[in-house]
Amino acid sequence: MKSTLLQQKQFRNFFISDIISGFGVGLTTVGANWYVLEQTNSDSIVGTFLVINVLAGFLISPIAGYVTDKFTRRNVIIGTFLIRAVPLGIIAACLVLFKFNLLEMYALAMVTGVGWVAYMAASRSYIQSIVPQKLLGSTNSFIEVSLQVGMFLAGGLSGFLLKYTGFIAILIINIILFIVAIILMFNSPVDQLEKTGAKDNASHGSVIKYLRKHRLVLFLGILSVLPLLVTQLFNVSMPGYISHILHASSVSYGTTDMFYGIGVLVAGLITAKLLEKMTKKFINRFFLNC
């Protein structure tokens, strides 16, 4: 199945753009954490940087869903690349001209947080229009695994780039990767999914009413916050621990992040195998009883 999908030019263009854009995001995310710590020597500022990143993504989520339903998914994906590539170029120029500034880094946190959430909403919806429905499950699994591999490899490379070229070089590489991803998406098909209109939105009523009616969605939403909290604790504490306690370099931090990513990938593969053996009825009953 995987080889068949990759033989299709339309899917292959999206797939490659997904991988390389995720690789660029991985470079910038790992690089920014260490760069902020290196410049400020403050774990609390690193924490603030990450909080801004997460909050920006959280606040944009409802808008991202609306935009994804309102406009062509392919164009939204291209837009998410542009709204990150252009500010990254401006931030890189500011770092060259004015050196390090916290406002520039906080702006970077907002841009990356908003761009990533908007991209995930549009890209995962876009897949539904270019892949046959019977292949959606395996295709999503294939894409997520490939994306995680790209991101944890980016974590390892980011440490070397920080040490030998600097953070600005990482931003420039990320911009170039976004440009390549945009070119690939222009050569991908325009999705044919029906757009959700105002009537469809109104039929759900308010968000609160919808969540009351679909308790499983609310439960899963709350549950998903827990691993995010643990991940953020890791992201905040690890740079400072490696720098202040171990007195190691950005290469060690990048390598640590890479192995963290490998752990996430292995956990995902194990979970996927376990879910294959659990029936849909059992899963629904388990979550509803919780």
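Here, residues in each chain are numbered from 1, in the same order as that chain's written sequence. Totals for whole chains, interfaces and linings use all residues, but because this is a predicted model, local features are given only for residues with pLDDT of at least 70 and pairs of side-chain atoms are given and counted only at 80 or more. With hydrogens and water set aside, each side-chain value is computed from the structure's full complement of heavy atoms.

Draft legend 1. Structural context of the confidence of the model for the chain. The pLDDT averaged across the chain works out to 78; a share of 70% of its residues lies at or above 70. The pLDDT value tells you how sure the predictor is about a given residue, anywhere from 0 up to 100. Runs of E in the DSSP output that reach at least two residues are strands. Runs of H or I that reach at least four are helices, and both are numbered from the N terminus. For the chain, the element scoring lowest by mean pLDDT is helix H8 (residues 198–203), at 43; helix H7 (residues 167–186) scores highest, at 94. Contacts: residue pairs with any heavy atoms within 4.5 Å of one another. Low pLDDT (under 50) marks residues 195–205, which in the prediction has 10 contacts with non-local residues, meaning those over four places away or in another chain.

Draft legend 2. Highlighting the side chain of Asn-13. Within the secondary structure layout, Asn-13 lies in helix H2 (residues 9–40). Each polar contact in these results corresponds to two N or O atoms within 3.5 Å; when the atoms are within protein, one needs to be able to donate a hydrogen and the other to accept it, and residues that are neighboring in sequence are counted only if both atoms are side-chain atoms. One polar contact links the side chain of Asn-13 to the main-chain carbonyl oxygen of Asn-187, over a distance of 2.9 Å. Those residues in contact with Asn-13, other than ones at most four positions away along the chain, are Leu-184, Asn-187 and Ser-188.

Draft legend 3. Spatial organisation of a nonpolar patch on the surface. What goes into a patch is any residue over 30% in relative accessible area without a salt bridge, connected to like charges within 9 Å or, for nonpolar side chains (Val, Leu, Ile, Met, Phe, Trp, Tyr), within 5 Å. Only the protein chains shown count as cover for residues, and the accessible areas themselves come from Shrake-Rupley with a 1.4 Å probe. Throughout this description, the term salt bridge denotes a Lys or Arg side-chain nitrogen within 4 Å of a carboxyl oxygen of Asp or Glu. On the surface, Val-51, Leu-55, Phe-58 and Leu-59 cluster together into a nonpolar patch covering about 430 Å² of accessible area. Position of Phe-58 relative to the elements: it lies in helix H3 (residues 43–70). We call a residue buried when its accessible area falls under 20% of the maximum for its residue type, exposed when it is over 50%, and partly exposed in between, using a 1.4 Å probe and counting protein chains only. In this structure Phe-58 comes out as exposed when scored by relative accessible area, which is 58%.

Draft legend 4. Focus on the nonpolar core. In terms of nonpolar packing, the biggest core is built from 55 residues, with Phe-14, Phe-49, Leu-108 and Phe-167 touching the most fellow members. Elements with a minimum of two residues in this core: H2, H3, helix H4 (73–98), helix H5 (102–130), helix H6 (136–164), H7 and helix H10 (215–245). For this core, the element with the most residues is H2, which contributes 12 residues. In this structure, Leu-108 is in contact with Thr-28, Ala-32, Phe-49, Leu-88, Ile-91, Phe-167 and Leu-171, ignoring residues within four places of it in sequence. Only buried Ala, Val, Leu, Ile, Met, Phe, Trp, Tyr and Cys residues count toward a nonpolar core, and they belong to the same one when joined by side-chain atoms within 4.5 Å.

Draft legend 5. Here's a closer look at the pattern of salt bridges. One pass over the full model with this rule turns up 1 salt bridge. Between Arg-124 and Asp-18 there is a salt bridge, and its shortest N-O distance comes to 3.0 Å. You can see Arg-124 sitting in helix H5 and its partner Asp-18 sitting in helix H2, a full 106 residues away along the chain. By relative accessible area, Asp-18 is classed as buried at 0%.

Draft legend 6. The packing of aromatic side chains, seen in detail. Any two rings among Phe, Tyr and Trp, with Trp reduced to its six-membered ring, count as a pair given centres within 6.5 Å; such a pair is stacked if its planes are under 30 degrees apart, edge-to-face if over 60, and tilted if neither. One pass over the structure, following the stated rule, counts 6 aromatic pairs. Between the aromatic rings of Phe-14 and Tyr-126, the centroid separation amounts to 5.3 Å while the plane-to-plane angle is 55 degrees, which identifies the pairing as tilted. Linking Phe-14 in helix H2 with Tyr-126 in helix H5, this pair joins segments that are 112 residues apart in sequence. Accessibility assignment for this pair places Phe-14 and Tyr-126 in one class, buried. Seen in terms of ring centroids, Tyr-35 and Phe-100 are 5.5 Å apart; in terms of plane orientation they differ by 70 degrees. Their pairing is edge-to-face. Placement of the pair is Tyr-35 in helix H2 and Phe-100 in the loop between H4 and H5, with a sequence separation of 65 residues. Members of the aromatic cluster, connected to one another through ring pairs, are Phe-81, Trp-116, Tyr-119 and Phe-178.

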